[in-house]
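Now for the letters of each chain:
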Amino acid sequence: MKIIVGLSGGVDSAVAALLLKSLGYTVKGVFMRNWSEVSPACNWEWDYESAKMVAAYLAIPLELWDFEHEYRTQVFEPAIASFAKGVTPNPDIACNKLIKFGLFLTRARDEGASWIATGHYARIRLHAKKTPYGLSLLTGVDHTKDQSYFLGTLTQDQFHHCLFPLGTLTKLRVRALALQAQLPNALRKDSYGMCFVGEQPFASFLHTQIRALPGPIVTPEGQTLGTHEGLAFYTIGQRKGIRIGGRGPLFVVAKDVTHNALMVTQDPYHPLLFTSSLIMPELHWIEDPPSFPFHCFIRHRHLQPLQEAVVSRGAQKNFMIQFKKPQRAVTPGQFLAIYWTDRETCLGGGTIVELSHVNVVS
């Protein structure tokens, strides 16, 4: 069985390749170049050199597959356009759907691979009596590293050709395996952040991509406090970076795109910061959902503790999400993942489009 492993240069994907080779599979490594602009915080060449050292050490072939054009047009440019409109998208989720488990998977299958494998902390379970393939996406056993949230837009067919060797391991165990095997990148630090940003402040990056459109900073009572730099550079719930001196901490509670106004408050528990329900125009289901309405758990940001909710169908064939406890800083553009009552099966989810249908806590 031929498996193509996405080698990123990090320790997680290196251990994934190590484990698969130790099981006797024919393993080939592929480094995906999605972004070639080099900066001190984001250098694909360093990652590629690390991937080459790992491949040489494991005695497996490595190829570079260039998806930069597709990444730019399908992930990067739509994300920047959304930020410019005051929305906060999640490019990593789009990258997984369109690039890593889209273009990469398609090309790997065209080249005869039975599966692709990555270093994601997630699991796939086979249910023989469910759907044509009967696969479920489960959380990784290490809940501090679980990445099922980022995989909630994938399909049965994509999961049918994917392996996640680290899903049953903790990060501590992965690092120990890398050290035990003396992998050349065993001590390499984990990287965080989007690949086109690196580890620089995200607001600083956005300033290089989006023209500033200053506007008023207002309170919910209508008082004008100052001027913001542009709605694209703020997100709901944000506290730092508002830059109005002498007033103590301020929290972003809303972005009025029509009037280019940023609404803030000093109250961290202001009702406008909390949402009790919202309407989702579309939801993607990895497997058939239960009969509506049904109880479940949700998270609207990565690694957020699971929150109880009820999902029901609306009159317009949309979906109502009713939270048991009001949720803080629900943000348009972010992904809302839905989990079954076992707290580990991700049923799917969808992008939060707007908050105009929100029942605000009184």
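Residues numbered from 1 in each chain as written. Predicted model: local features only at pLDDT ≥ 70, side-chain atom pairs only at ≥ 80, totals over all residues. Heavy atoms only, no water.

## Section: the overall build of the protein chain
Right, so step 1: Of the regular secondary structure elements, the protein chain holds seven helices and 18 strands.
Right, so step 2: Taking 362 residues into account, the globule formula puts the C-alpha radius of gyration at 21 Å, and the protein chain, at 22 Å, falls close to it.
Right, so step 3: For the protein chain, the spread of C-alpha atoms along the principal axes amounts to about 65 × 50 × 35 Å.
Right, so step 4: The 362 residues of the protein chain split such that 50% are buried.
Right, so step 5: Put simply, 65% of the contacts in the protein chain that link residues at least 6 apart link residues at least 24 apart.
Right, so step 6: Counting every atom, the protein chain has about 17,300 Å² of accessible surface; 54% of that belongs to carbon and sulfur. (Helix = DSSP H or I, 4+ residues; strand = E, 2+ residues; numbered from the N terminus. Rg over C-alpha atoms; globule rule 2.2 N^0.38 Å. Buried < 20%, exposed > 50% of the residue type's maximum accessible area, 1.4 Å probe, protein only. Contact = heavy atoms within 4.5 Å. Areas by Shrake-Rupley, 256 points an atom, 1.4 Å probe, with all protein chains shown as cover.)

## Regarding helix 6 (residues 171-181)
Right, so step 1: Residues K171, V174, R175, L177 and A178 constitute the buried set of helix 6. For helix 6, the angular spread of buried residues about the axis comes to 155 degrees, placing them on one side. Those residues of helix 6 that are exposed and angled more than 90 degrees off the buried face are L172 and Q180.
Right, so step 2: Next to the buried residues of helix 6 lie helix 1 (11-22).
Right, so step 3: Two residues or fewer after helix 6 comes Q182, characterised by a positive phi angle close to 60 degrees. (Arc of directions from axis to C-beta.)

## Points about the pattern of salt bridges
Right, so step 1: Enumeration over the complete set of coordinates arrives at 16 salt bridges.
Right, so step 2: Across the pair D47 and R188 runs a salt bridge whose closest N-O atoms are separated by 2.7 Å. Here R188 lies in the loop between helix 6 and helix 7 (202-207) and D47 lies in helix 2 (residues 44-58), a separation of 141 residues in the sequence.
Right, so step 3: When its relative accessible area of 26% is taken as the criterion, D47 is described as partly exposed.
Right, so step 4: Each of the salt bridges in this network shares a partner with another, and the network as a whole consists of D12, K145, K171, R175 and D190. (Salt bridge = Lys/Arg side-chain N within 4 Å of Asp/Glu carboxyl O.)

## Brief notes about the side chain of H120
Right, so step 1: Summarising the element assignment, H120 is placed in the loop between strand 4 (115-117) and strand 5 (122-126).
Right, so step 2: Residue H120 is classed as buried on the basis of its relative accessible area, which comes to 9%.
Right, so step 3: Discounting chain neighbours no more than four positions away, the residues touching H120 are N96, F101, Q147, L151, F164, L166 and G167.

## Thoughts on unusual backbone geometry
Right, so step 1: Cis geometry is found at the peptide bond from F292 to P293, where omega equals -10 degrees.
Right, so step 2: Tracing the sequence through the fold places P293 in the loop between strand 13 (284-285) and strand 14 (294-299).
Right, so step 3: In this model, A59 sits at a positive phi of 60 degrees, which is unusual for a non-glycine residue.
Right, so step 4: Topologically, A59 is positioned in the loop between helix 2 and strand 3 (62-66).
Right, so step 5: For A59, a relative accessible area of 61% translates into the label exposed.
Right, so step 6: With a phi angle near 55 degrees, N260 is a residue other than glycine that sits in the positive phi range.
Right, so step 7: Relative to the assigned elements, N260 resides in the loop between strand 10 (251-256) and strand 11 (261-265).
Right, so step 8: A relative accessible area of 22% means that N260 is categorised as partly exposed.

## Considering the layout of surface pockets
Right, so step 1: Approximately 590 Å³ is the volume attributed to the second largest pocket.
Right, so step 2: For the second largest pocket, the lining is made up of 26 residues, of which I93, A94, K97, T153 and T351 are closest to its centre.
Right, so step 3: Every element with two or more residues in the lining of the second largest pocket is listed here: helix 3 (68-84), helix 4 (91-110) and strand 18 (345-351).
Right, so step 4: Looking at the lining of the second largest pocket residue by residue, the class counts come to 14 nonpolar, ten polar and two charged. (1 Å grid on protein atoms, 1.4 Å probe; cavity = no way out; pocket = protein on both sides within 12 Å on 5 of 7 lines; lining within 4 Å. Points joined across faces, edges and corners; volume = space filled by probe spheres on them. Nonpolar A, V, L, I, M, F, W, Y, C, P; charged D, E, K, R; others polar.)

## Here's the deal with the packing of helix 1 against helix 6
Right, so step 1: Here helix 1 crosses helix 6 at 65 degrees, and the two axes come no closer than 10 Å. Classed by the angle they form, the pair helix 1 and helix 6 counts as roughly perpendicular. The two elements helix 1 and helix 6 meet at a crossing, and its hand is left-handed. Facing helix 1, whose interface residues are V11, D12, V15, L18 and L19, helix 6 presents K171, V174, R175, L177, A178 and A181.
Right, so step 2: Class assignment for the residues of the contact of helix 1 with helix 6 results in eight nonpolar, no polar and three charged. (Axes fitted to C-alpha atoms, helices over the stretch in contact; angles between N-to-C directions. Parallel < 35°, antiparallel > 145°, perpendicular 65-115°, else oblique. Left-handed = near helix turned anticlockwise from the far one by under 90°.)

## Here we look at the confidence of the model for the protein chain
Right, so step 1: With 93% of its residues at a pLDDT of 70 or more, the protein chain has an overall mean of 92.
Right, so step 2: Segment residues 357-362: pLDDT under 50, and 16 contacts once partners within four positions in sequence are set aside and those in other chains are kept. (pLDDT = per-residue confidence, 0-100.)

## What to know about the nonpolar core
Right, so step 1: Among the nonpolar cores identified, the biggest contains 57 residues, and Y71, F104, L151, F159, F196 and V264 are the most heavily contacted of them.
Right, so step 2: Contributions of two or more residues to this core are made by strand 2 (26-33), helix 3, helix 4, strand 6 (135-139), helix 7, strand 11 and strand 17 (335-339).
Right, so step 3: Ranked by residues supplied to this core, first place goes to helix 4 with seven residues.
Right, so step 4: Among residues more than four places away in sequence, those in contact with F104 are I4, V5, G6, V30, M32, W65, F67, I99 and I116.
Right, so step 5: The next biggest cluster of nonpolar side chains, apart from the first, holds 27 residues, and it includes I3, V54, A55 and A186. (Core = buried A, V, L, I, M, F, W, Y, C linked by side-chain atoms within 4.5 Å.)

## Section: helix 1
Right, so step 1: Between its first and last C-alpha atoms helix 1 spans 16 Å; for twelve residues at 1.5 Å apiece the expected length is 16 Å, and the two agree.
Right, so step 2: V11, D12, S13, A14, V15, A16, A17, L18 and L20 are the residues of helix 1 that are buried.
Right, so step 3: Directly after helix 1, the chain includes G24, whose backbone phi takes a positive value near 95 degrees. (Expected span 1.5 Å × (residues − 1).)

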